Amino acid sequence: MEIIGRLELVDLPELHLERIEAKIDTGAYRSAIHYKDLKVETINGKETLIVTLDLMGDKPIEKKFTDFKVTKVKSSFGDRLKRYFIRTKIKIGTKSKMVDLSFSDRSDMRFPILIGRKVLAKTFLVDVSAKHLHTPHHD
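Conventions adopted
Residues numbered from 1 in each chain as written. Predicted model: local features only at pLDDT ≥ 70, side-chain atom pairs only at ≥ 80, totals over all residues. Heavy atoms only, no water. Helix = DSSP H or I, 4+ residues; strand = E, 2+ residues; numbered from the N terminus. Polar contact = N/O pair within 3.5 Å; in protein donor to acceptor, adjacent residues only side chain to side chain. Phe/Tyr/Trp six-rings, centres within 6.5 Å; stacked < 30°, edge-to-face > 60°. Buried < 20%, exposed > 50% of the residue type's maximum accessible area, 1.4 Å probe, protein only.

In the nomenclature of an unreviewed UniProt entry, the protein is known as RimK/LysX family protein of Mangrovivirga halotolerans.

**As for the side chain of Asp11**
Residue position: Asp11 is located in strand S2 (residues 7-12). Among the polar contacts listed, one links the side chain of Asp11 to the backbone nitrogen of Arg19, at a separation of 2.8 Å.

**Let's talk about the packing of aromatic side chains**
Inspection of the entire model under this criterion finds 2 aromatic pairs. Ring centres 5.8 Å apart and planes at 45 degrees place the aromatic pair Phe65 and Phe103 in the tilted group. Of this pair, Phe65 sits in strand S7 (residues 61-65) while Phe103 is found in strand S10 (residues 95-104), placing the two residues 38 residues apart along the sequence. Assigned by exposure class, Phe65 and Phe103 land together as buried. Ring centres 6.1 Å apart and planes at 45 degrees place the aromatic pair Phe68 and Tyr84 in the tilted group. Highlighted residues: Phe68 in the loop between S7 and strand S8 (69-74) and Tyr84 in strand S9 (residues 80-92), separated in sequence by 16 residues.

**Comments concerning the side chain of Thr88**
Looking at the secondary structure, you find Thr88 in strand S9. Side-chain polar atoms of Thr88 contact the side chain of Glu14, separated by 2.9 Å.

As structure tokens, then:
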């Protein structure tokens, strides 16, 4: 098991995103990433999820996904919401793991990524008194 803090810089290598600050939340089951805009269009006969990410205060980045899921989830306020998910790799410290990442409007939150229990289980222990125990190394 790897010990991580309540905040960590994470990489999403398949999305070409590096060193994004994430809140580690043992109270949340799922993981989420902030989006600015989201729409589904048919491109070349395939249903395509088009998401605009605005993660680091830089220029927003548009990503397109043909492999995505739509589910209904219950918000922390008890509302049922339609959420779009992708499956991708996340790297925290020296460990990489597959994550189901939902797109969520986190504009009212301090951190663009939330990492939930489903990613943490059997791989990470969270030291809530620490933060930034791991900085991703790039070769």
